[in-house]
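A look at the structure
So the chains spell out like this:
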Amino acid sequence: MSSALPVTLTVNGETLTRLVEPRETLADFLRRDLGLTGTHAGCEMGVCGACLVMLDGAPVHACLTFAVQADGAEIATVEGLTENGVLADLQHAFHQRNALQCGFCTPGMLVSAQGLLARTALPSRAEIRDALSGNYCRCTGYEAIVDAIETVARRRAAGETAAPFMEEPA
Amino acid sequence: MKARAFDYARPASVAEALTAFEQADGDASYIAGGQSLVPALALRLQAPARLVDIAHIAELRGIAVEEGWLRLGALTRHVELHDHPLVATHAPLLALAAPHVAHPAIRNRGTLGGSVALADPAAEFPAMLLAMDAEMEITGPEGSRRVPAGDFFQDLYQTALEPGELLVALHIPAAGPGHRCAFDEIARRRGDYALAGCGVMLTMPGDIVDEARIACLAVGSTPLRARAAEAALIGRRLDPDSIRKAQSALADDLDPPDDAEVPAAMRLHLARVLLGRLLGGMAEAA
């Protein structure tokens with residue numbers, strides 16, 4: 001009853017066409033078809049926020065969008081946003097402040113934080129918490145995450161930039 | 001969980017959408033933002049044979065003021081209701097309610113038409129449309145019609161939409177100057193379904209309340225107008241006495257159901273607390 005359909009979209013700057021089954025979510029498409037496993041599939045019902053990606057520049061749940069719906073869209077995943085340095089300062093700050101433990105929620109947290117700071121240059125702590133209300137972290141208790149985002153907001157407002165995130169040498 | 005297999009149509013016009021729906025013999029769903037539908041599919045609460053994706057239909061977009069009415073295309077996203085200057089000016093209750101709807105990522109994708117067509121009793125926008133006497137523009141195989149919000153929300157998830165009909169736009173009498181609006185809700189966590197919510201719109205040319213519109217959410221099977229509470233305010237000053245009378249009158253407007261989590265008396269209490277806070281804030285600002 002449901003045959004695969006062609007979908008053309010831009011992922012991390014590269015335009016590609018693939019056949020997808022209509023029921024395949026964008027999250028599964030990114031992970032399985034493209035191997036972009038930085039987008040995490042958690043609850044798969046729009047509650048935990050681990051699968052957030054940028055769709056046409058705004059954070060959305062990749063689990064609440066079917067890949068066919070993203071035809072013509074521009075997607076940026078945590079991999080693309082790392083490569084082009086957009087998240088570099090947030091990643092540094094998360095690292096510095098220990099704002100992650102297991103890391104499962106981190107890609108979604110970074111995308112939410114980026115979405116918030118694009119809309120609100122200097123959010124209050126309450127606004128940061130509000131923006132993270134759809135991102136579950138079961139390790140950190142959020143305090144360090146809020147600290148890291150607050151730090152980056154101040155640095156960005158002061159015009160500071162950061163080098164692309166790299167793992168420190170062992 | 002994953003959605004059951006379905007086939008997918010992406011019409012470019014309302015006429016094509018109606019046809020695509022009809023061809024599925026009633027076993028279809030329209031999808032726009034999908035922020036409530038996709039979880040329902042993933043949980044297999046729904047499993048239509050066909051999804052008709054209306055998100056690319058230009059006729060369903062747009063925010064404009066025409067002859068005293070604000071027209072909001074059904075595809076207007078929650079984030080646009082929050083940001084758009086015409087909404088802030090002419091339908092401020094929607095702009096005030098928007099930050100309370102789910103989470104930012106949901107608001108980037110969810111649509112006003114989707115929220116209205118679903119008619120969740122805890123949803124913010126349906127209640128605010130009821131408060132503003134909005135009219136729903138519906139198109140179906142039989143043609144187009146406009147249904148007042150008061151007739152649109154019929155029961156739990158039941159609306160005036162017949163199967164296959166499409167919600168095209170929302171029309172709201174544009175609020176002129178002299179209106180004051182307030183909205184708040186109580187939820188256990190930010191973004192959760194509200195335990196009770198309330199929006200108020202007052203017209204006060206001077207000290208005296210000329211017109212009052214109050215609608216509540218999450219206190220019944222549909223959004224509800226609080227006519228008795230409105231009547232308690234009209235023709236009076238907004239002071240502690242009239243506010244108390246309005247709070248007390250809510251008992252005549254609302255008859256919340258008892259459920260496992262929240263007793264009926266608690267929902268009524270929360271609605272009264274909210275109304276008191278909102279009106280108190282408006283009195284102070286006056």
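Residues numbered from 1 in each chain as written. Chains lettered and ligands numbered in written order. Predicted model: local features only at pLDDT ≥ 70, side-chain atom pairs only at ≥ 80, totals over all residues. Heavy atoms only, no water.

Under an unreviewed UniProt entry, the name given to chain B is FAD binding domain-containing protein, and the organism recorded is Ancylobacter oerskovii.

An unreviewed UniProt entry annotates chain A as (2Fe-2S)-binding protein of Ancylobacter oerskovii.

Residues and elements named next belong to chain A. The domain architecture assigned to chain A consists of domain 1 (5-81) and domain 2 (87-157). Each of domain 1 and domain 2 has a C-alpha centre, and these two points are 22 Å apart. Contacts between the two partners involve 14 residues from domain 1 and, on the opposite side, 13 residues from domain 2. Interface area for domain 1 against domain 2, summed over the two sides, is near 1100 Å², with a carbon-plus-sulfur share of 69%. Across the contact surface, domain 1 and domain 2 share 0 salt bridges. Put simply, domain 1 and domain 2 have 5 residue pairs in polar contact (both at pLDDT 80 or more) between them. Elements with a minimum of two residues in the side of domain 1 that touches domain 2: β3 (52-55) and α2 (78-83). It is β3 that contributes the most residues to the side of domain 1 that touches domain 2, 3 residues altogether. (Domains from an automatic or database assignment. Contact = heavy atoms within 4.5 Å. Buried area = accessible area lost by both parts, 1.4 Å probe. Salt bridge = Lys/Arg side-chain N within 4 Å of Asp/Glu carboxyl O. Polar contact = N/O pair within 3.5 Å; in protein donor to acceptor, adjacent residues only side chain to side chain. Helix = DSSP H or I, 4+ residues; strand = E, 2+ residues; numbered from the N terminus.)

Next up on the list: the environment of B:Ala131. Residue and element names in this part refer to chain B. Mapped onto the fold, Ala-131 is located in helix α8 (residues 124-131). When its relative accessible area of 0% is taken as the criterion, Ala-131 is described as buried. Counting along the chain gives 143 residues from Ala-131 to Leu-274, while the straight-line C-alpha distance between them is 16 Å. Leave out the neighbours within four places in its chain, and Ala-131 touches Leu-93, Arg-213, Ala-215 and Arg-225. (Buried < 20%, exposed > 50% of the residue type's maximum accessible area, 1.4 Å probe, protein only.)

Attention now goes to the interface of chain A and chain B. Each partner contributes to the interface: chain A provides 29 residues, whereas chain B provides 35 residues. In total, chain A and chain B occlude about 2600 Å² of area from one another, counting both sides; carbon and sulfur atoms represent 55% of this. Where chain A touches chain B, the interface holds 5 salt bridges. Close ionic contact of A:Asp71 with B:Arg10 constitutes a salt bridge, the shortest N to O distance being 3.2 Å.

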